[in-house]
Amino acid sequence: MYKLKKRLFWIRHRLERRDLTDEERSALELERDRLLKTSQKLLERVSSSSALYGDRFIMDVPEGYVQLCKFLGIAPSDVEISVWVNSSVVDLEFDDASRSSLKLSYVSKVMASKYHPVKGISKGSQEAKRIVRDLLILQDFLDGSLLSYHKGGYVTGNSLLPVRFFVLTLPKEVSLYIWSKLREGDDSALKLFKKLSSRAIREFVLYLVEKEGLPVSKSNLVPGFVQNVHVTGDKNPFEPHIHSHFGVVFVVYDKASRSWYRLNPVLSEEDIEKLREIWKALVIEAFGEVLTGDTILKDFNVWVGDRYYSLPSDYVDVLFELKYNARKMFVNYANYYERRSFSEDFDEEFVRFVFSYDNRTERYGFLTNLKRYLFHLSLSAVGKRRDELLELLDRVEADLVVIDGEKFPAIYRSLIEKREAIRQELSRLESVLDNPSEAFSLLYNEIRSKVESMLSRKRITEERIVSILEGLFGKRIVGYKFVLLEEDVPLYRFLEAHRSVVLLSDRHKTVEFMLWYDPFWEDPPDVLELKIPNS
């Protein structure tokens, strides 16, 4: 869905250009129509069936995963779940002034036991929300005062906070070596890997700072990133596959000047190659005796994703990336058994280790104590807010001069009330400008309250659904409203009331369209296979 939506939006933007040749315009229009035909088929299926938004595991845990839990001696009560559903009509307004609406249901509440996959995913969600909350607070504090260096030597203030995700992977022989040490009760090799990979990110950030010519010395540089060490992968979770996931804020803090600088989040192949060099050198230095000659000659695996995110606009996408990184590792077995049957041919000791693995999210740099690094910004931020209110007050008072209160009493009264509210807010801000601690507490608490509302379960669910619907309709949604029809209906009752359900199974970067139907109620539906061309 992400690729389909991205391509459709790019084509729409491209077709707005007037310098296109007739040949290029015709080719783009054909591609757009082909992609829209695909998305329309999906939209028709969603509209004609009862659509439910949520993870697949709320409906069905793979049988192989259940058998694995049984084999490990995990009690059935530890793999249970209770789910509730809301049903709404979603009213949509698009950027071309058109409107539409459709009925759609979504998971409203979940109670999952310790080893149910949804529980493992929700662990990641809780940690991700805390990190995104701090990133949004940081963005709000730095709004307009984040310095961007440009070619030509000029500097501008920036409001958007860029974030990119990285993965640094160890060669297979080092993963096996670390597991052999863990098996002996020695976690020093795993700790060394964790330290090495975080050091690689620090060195890469320093490289970017020097490349862009930022006036920040190495000793005064403070980066900001989070790390999750995964001990196994998605493809074969029965083998050690140790790698580090990073969420890197492309912003650095200079302790000397107390300034914040934005790094260019667009990476070149040369930049990625530099990260490979840094990572390879560190691994060879630490684990060279374990590596074979053939491995040393190869490039080491480094992943940097295909995009960067800008906060606050992309905060839901960042949340999903962090949620995936922070999940419990036993979720990988549930994913694995979606297309495979259970077999007892595996290393039981390793699997038990994965089930018990904590997967902690570690913070580095300014994210370890955000308040400490933001404190000095409080007075300037409060002053900026005061100036904005003074400007707004001038406009309101100008409107009061020209509006006839007798002809337009409601408008006049509204302006009077607005002026009074602005004056009260100004008075409150003036009272703290002489007290940095009070100013910081005031501003921090206000921003945090605003951010918490953005991170409510309801808001995130609605934002994610809207993002999926943009891909289905093939155009941007500029306004939406969820009109609640039914609230907190138990999932089993919801399923009993519907002959078929299209589950929009929301995963890390994908949305799976999964059709569930009751064979006692109806024959298998006629479903056309949908193929989205890679081009």
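Preceding this section is the structure that the text describes.
Let me sum up the structure you'll find in this document. (Residues numbered from 1 in each chain as written. Predicted model: local features only at pLDDT ≥ 70, side-chain atom pairs only at ≥ 80, totals over all residues. Heavy atoms only, no water.)

So, on to helix H1 (residues 2–15). With 14 residues, H1 extends 20 Å from end C-alpha to end C-alpha; this agrees with the ideal 20 Å at 1.5 Å per step. Along H1, the positions that sit buried rather than exposed are Leu-4, Lys-5, Leu-8, Phe-9, Ile-11 and Leu-15. For H1, the buried positions fall inside an angular range of 160 degrees around the axis, keeping them on one side. Turned more than 90 degrees off the buried face of H1, the exposed positions are Lys-3 and His-13. Looking at the packing, one finds that the buried side of H1 touches helix H2 (22–48) and helix H16 (457–473). (Helix = DSSP H or I, 4+ residues; strand = E, 2+ residues; numbered from the N terminus. Expected span 1.5 Å × (residues − 1). Buried < 20%, exposed > 50% of the residue type's maximum accessible area, 1.4 Å probe, protein only. Arc of directions from axis to C-beta. Contact = heavy atoms within 4.5 Å.)

The next point concerns unusual backbone geometry. A negative phi holds for most residues other than glycine; trans holds for most peptide bonds. For the bond from Leu-311 to Pro-312, the omega torsion is 15 degrees, close enough to zero to count as cis. Mapped onto the elements of the fold, Pro-312 is located in the loop between strand S13 (309–311) and helix H9 (315–325). In this model, Asn-359 sits at a positive phi of 50 degrees, which is unusual for a non-glycine residue. Tracing the backbone shows Asn-359 in the loop between helix H11 (348–356) and strand S14 (361–365). By relative accessible area, which is 0% here, Asn-359 ends up buried. You will see that Asp-488, though not glycine, has its phi angle at about 50 degrees, which is positive. Considering the arrangement of structural elements, one finds Asp-488 in strand S15 (residues 477–490).

Within the structure shown, the criterion is met by 37 aromatic pairs. A network of ring pairs unites the aromatic residues Tyr-65, Phe-71, Tyr-115, Phe-238, Phe-330, Tyr-333, Tyr-336, Tyr-337, Phe-342, Phe-346 and Phe-355 as a single cluster. Its guanidinium or amino end placed over the ring of Tyr-324, Arg-327 lies 4.0 Å from that ring's centre, counting from NZ or CZ. (Phe/Tyr/Trp six-rings, centres within 6.5 Å; stacked < 30°, edge-to-face > 60°. Lys NZ or Arg CZ within 6 Å of the ring centre and 35° of its normal.)

Moving on, we get to the side chain of Glu-362. In this fold, Glu-362 is placed in strand S14. A relative accessible area of 17% means that Glu-362 is categorised as buried. There is a polar contact of 2.9 Å between the side chain of Glu-362 and the side chain of Lys-194. In this view, Glu-362 contacts Lys-194, Phe-225, Val-226 and Gln-227; residues no more than four positions away in its chain are not counted. (Polar contact = N/O pair within 3.5 Å; in protein donor to acceptor, adjacent residues only side chain to side chain.)

What follows covers the pattern of salt bridges. Considering all chains together, one arrives at 38 salt bridges under this definition. Between Asp-96 and Lys-475 there is a salt bridge, with the nearest N and O atoms lying 3.1 Å from each other. Taken together, the residues span a long stretch of sequence, with Asp-96 in the loop between strand S2 (81–94) and strand S3 (99–112) and Lys-475 in the loop between H16 and S15 at a distance of 379 residues. On the accessibility criterion, Asp-96 (42% relative accessible area) is partly exposed. We note a salt bridge from Lys-328 to Asp-358, for which the minimum N-O separation is 3.6 Å. (Salt bridge = Lys/Arg side-chain N within 4 Å of Asp/Glu carboxyl O.)

Turning our attention to the sheet that holds strand S4 (residues 146–149). Here 5 strands make up an open sheet; going across it, the order is S5-S4-S11-S10-S7 and the pairing mixed. Edge strands, defined here as strands with exactly one partner in the open sheet, are strand S5 (155–158) and strand S7 (221–222). Examined bridge by bridge, S4 and S5 share 4 bridges and lie antiparallel to one another. Residue Leu-146 lies in a different strand from S5, and its bridge partner there is Asn-158. (Pairing = 2+ DSSP bridges.)

This next bit is on the sheet that holds strand S16 (residues 500–506). Read across the sheet, 6 strands follow the order S15-S2-S3-S1-S16-S17 without closing on themselves; strand pairing throughout is mixed. The sheet is open, and its two borders are formed by S15 and strand S17 (511–517), each paired with just one other strand. Strand-to-strand, the axes of this sheet are offset by a mean angle of 30 degrees, without reference to chain direction. Pairing geometry for S2 and S3, over 13 bridges, is antiparallel. Note on S3: the bridge partner recorded for Ile-81 is Ala-112. (Axes fitted to C-alpha atoms, helices over the stretch in contact; angles between N-to-C directions.)

What follows deals with the pairing of S3. Where strand S1 (residues 50–54) and S3 come together, 2 bridges link them in parallel fashion. Bridging across to S3, Tyr-53 finds its partner in Tyr-106. Two successive antiparallel strands, S2 and S3, enclose a turn made up of 4 residues, where Ala-97 displays a positive phi of approximately 75 degrees.

Attention now moves to helix H15 (residues 436–454). Taking 1.5 Å of rise per residue, 19 residues should cover 27 Å, and H15 covers 27 Å from first to last C-alpha, within 8% of that figure. Every buried residue of H15 is listed here: Ala-439, Phe-440, Leu-442, Leu-443, Tyr-444, Ile-447, Val-451 and Met-454.

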